[in-house]
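Observations on chain architecture
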Amino acid sequence: MRLEPISGERLTEALAGHVVTLPGEDGSPWTRVLIDGAPAAGPGALAEGLAHALRERGRPALVVGTGGFLRAASVRLEYGREDADAYLDLWLDTGALWREVLTPLDAGGSGRVLPDLWDPERDRATRSAYVTLPPGGVLLLHGAFLLGKWFPADLAVHLSLSPGALARRTPGAERWTLPAFERYAAETGPLDAADVVVRLDDPRHPAWSGLPAPPRQP
């Protein structure tokens with residue numbers, strides 16, 4: 001895969017300019033964007049920056065992080081607190097994401113999205129209120145291991161780190177998660193599954209694969 005250098009500001013602006021051209025999947029009036037990456041790659045920061053750029057273009061944007069959709073500790077930690085396979089396979093409550101975030105933005109959906117469901121630190125429901133994303137709005141869902149799950153997306157962005165960079169930038173207390181990202185890379189192939197790949201080994205000097213071809217006009 002050929003990657004070209006790009007500044008962080010230009011990256012955000014280019015992605016925002018592309019997103020506003022995208023028709024919603026299957027006629028949906030909303031646009032869904034996945035920003036996939038390890039915590040060390042900072043997918044939440046890109047999501048927030050992209051939301052700001054979209055709002056400047058007059059498009060409502062809602063940022064949702066998968067950290068608010070983890071399963072209860074009794075499920076996540078069934079095999080121990082540092083089980084990499086469970087981290088990849090069990091931690092994310094995909095059913096809740098479908099029900100509360102993605103399906104409401106289908107064509108004919110309500111647009112009512114729950115921004116978070118579960119507080120993993122307190123291990124209890126967050127009791128957050130629903131947010132209504134108006135037609136024409138953009139959902140920016142960010143987190144790890146989002147690809148390969150058949151989540152509906154009009155654009156999927158993968159933030160890539162080489163194994164060495166991932167190891168260097170992952171805090172010591174979280175290094176037990178590294179084998180999960182190795183499995184994800186081998187089994188899901190996020191570099192191929194994403195529409196846009198951004199390499200962030202040096203966050204000051206990102207490189208990217210460029211934008212996908214523009215959508216066909218009906």
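Up top you'll find the structure we're talking about.
Throughout this document, residue positions are counted from 1 along each chain, in the order its sequence is written. Per-residue local features of the predicted model are confined to residues with pLDDT of at least 70, and side-chain atom pairs are confined, for both listing and counting, to 80 or more; whole-chain, interface and lining totals are unaffected and use all residues. Hydrogen atoms and water are omitted, and side-chain values are computed over all heavy atoms in the structure.

The next thing to look at is the packing of helix 1 (residues 8-19) against helix 2 (residues 43-56). In this analysis, axes come from line fits to C-alpha atoms, helices being fitted only over the stretch in contact, and the angle between any two N-to-C directions falls in the range 0 to 180 degrees. The numbering of helices and of strands both runs from the N terminus, where a helix is a DSSP run of H or I of at least 4 residues and a strand a run of E of at least 2. Close contact between helix 1 and helix 2 brings their axes to 9 Å; oriented N to C, the two are set at 60°. The orientation of helix 1 relative to helix 2 falls into the category oblique. Pair helix 1 / helix 2 crosses with right-handed handedness. Residues Leu11, Thr12, Glu13, Leu15, Ala16 and Val19 of helix 1 touch helix 2, and the partners they reach there are Leu46, Gly49, Leu50, Ala53 and Leu54. Only Asp, Glu, Lys and Arg are considered charged in this grouping, and only Ala, Val, Leu, Ile, Met, Phe, Trp, Tyr, Cys and Pro are considered nonpolar; every other residue, Gly among them, is considered polar. Here the residues of the contact of helix 1 with helix 2 are counted per class, giving 8 nonpolar, 2 polar and 1 charged. Roughly parallel here means an angle under 35 degrees, roughly antiparallel means over 145, roughly perpendicular means 65 to 115, and every remaining angle is called oblique. In a left-handed crossing the near helix is turned counterclockwise from the far helix by less than a right angle, and in a right-handed crossing that turn is clockwise. Contacts: residue pairs with any heavy atoms within 4.5 Å of one another.

Its identity as a non-glycine residue notwithstanding, aspartate 123 has a phi of 55°, on the positive side. Judged by relative accessible area, aspartate 123 falls into the partly exposed class, the value being 32%. Residue arginine 127 is not a glycine yet carries a positive backbone phi of 60°. Relative accessibility under 20% of the residue-type maximum defines a buried residue, over 50% an exposed one, and the middle range a partly exposed one, all with a 1.4 Å probe and only protein chains included. By relative accessible area, which is 79% here, arginine 127 ends up exposed.

We now examine the pattern of salt bridges. Side-chain pairs of opposite charge can arise whenever the charged atoms involved come near each other. We count a salt bridge whenever a side-chain nitrogen from Lys or Arg sits within 4 Å of a carboxyl oxygen from Asp or Glu. With the rule as written, the count across this model stands at 9 salt bridges. The partner of glutamate 4 in a salt bridge is arginine 2, and the shortest N-O contact between them spans 3.3 Å. The class for glutamate 4 is partly exposed, based on a relative accessible area of 40%. On the basis of relative accessibility, which here comes to 67%, the residue arginine 2 falls in the exposed class. Between glutamate 13 and arginine 57 there is a salt bridge, with its nearest N and O atoms 2.8 Å apart. Placement of the pair is glutamate 13 in helix 1 and arginine 57 in the loop between helix 2 and strand 3 (61-65), with a sequence separation of 44 residues. Judged by relative accessible area, glutamate 13 falls into the partly exposed class, the value being 33%.

Once that is clear, we can look at the pairing of strand 9 (residues 155-160). Of all 6 residues that make up strand 9, 6 are buried, and the element is covered over most of its length. Across the two faces of strand 9 the burial is the same, with Leu155, Val157 and Leu159 and Ala156, His158 and Ser160 all buried. Pairing between two strands is assigned when DSSP locates at least 2 bridges connecting them. Bridge count for strand 2 (residues 31-37) against strand 9 is 5 bridges, and the pairing is parallel. Considered in strand 9, the bridge of valine 33 is made with leucine 155.

In this fold, glycine 49 is placed in helix 2. A relative accessible area of 27% means that glycine 49 is categorised as partly exposed. Between the alpha carbons of glycine 49 and isoleucine 35 there is a distance of 12 Å; along the sequence they are 14 residues apart.

Helix span, as expected, comes to 1.5 Å for every residue beyond the first. Look at helix 2: 20 Å from first C-alpha to last across 14 residues, which is about the 20 Å you get at 1.5 Å a residue. Along helix 2, the residues that are buried comprise Pro43, Gly44, Leu46, Ala47, Leu50, Ala51, Ala53 and Leu54. Against helix 1, strand 2, strand 3, strand 8 (138-143) and strand 9 lie the buried residues of helix 2. Backbone geometry just after helix 2 places glycine 58 at a positive phi near 85°.

For the rest of this paragraph, the subject is the pairing of strand 10 (residues 196-199). Both strand 9 and strand 10 contribute to a ladder of 4 bridges, which runs parallel. Its bridge partner lying in strand 10, leucine 159 is registered against valine 198. Relative to strand 11 (residues 207-208), strand 10 is paired through 2 bridges, and the arrangement is antiparallel. Bridge pairing in strand 11 places valine 198 opposite tryptophan 208.

Before going further, it helps to examine the packing of aromatic side chains. Each aromatic pair joins two rings of Phe, Tyr and Trp (for Trp, the six-membered one) with centres within 6.5 Å, and gets the label stacked for planes under 30 degrees apart, edge-to-face for over 60, and tilted for any other angle. One pass over the structure, following the stated rule, counts 8 aromatic pairs. Ring plane angle 80° and centroid distance 5.4 Å describe the contact between tyrosine 87 and phenylalanine 145, whose orientation is recorded as edge-to-face. Separated by 58 residues along the polypeptide, tyrosine 87 in helix 4 (residues 84-89) and phenylalanine 145 in the loop between strand 8 and strand 9 bring together distant segments of the chain. Ring centres of phenylalanine 145 and tyrosine 184 lie 5.1 Å apart, and the angle between their planes is 70°; on these two criteria the pair is classed as edge-to-face. Of the two residues, phenylalanine 145 sits in the loop between strand 8 and strand 9 while tyrosine 184 sits in helix 7 (residues 178-188), which places them 39 residues apart along the sequence. In this structure, phenylalanine 145 and tyrosine 184 share a single accessibility class: buried. A connected cluster of aromatic rings, assembled from ring pairs, spans Tyr87, Trp91, Phe145, Trp176, Phe181 and Tyr184.

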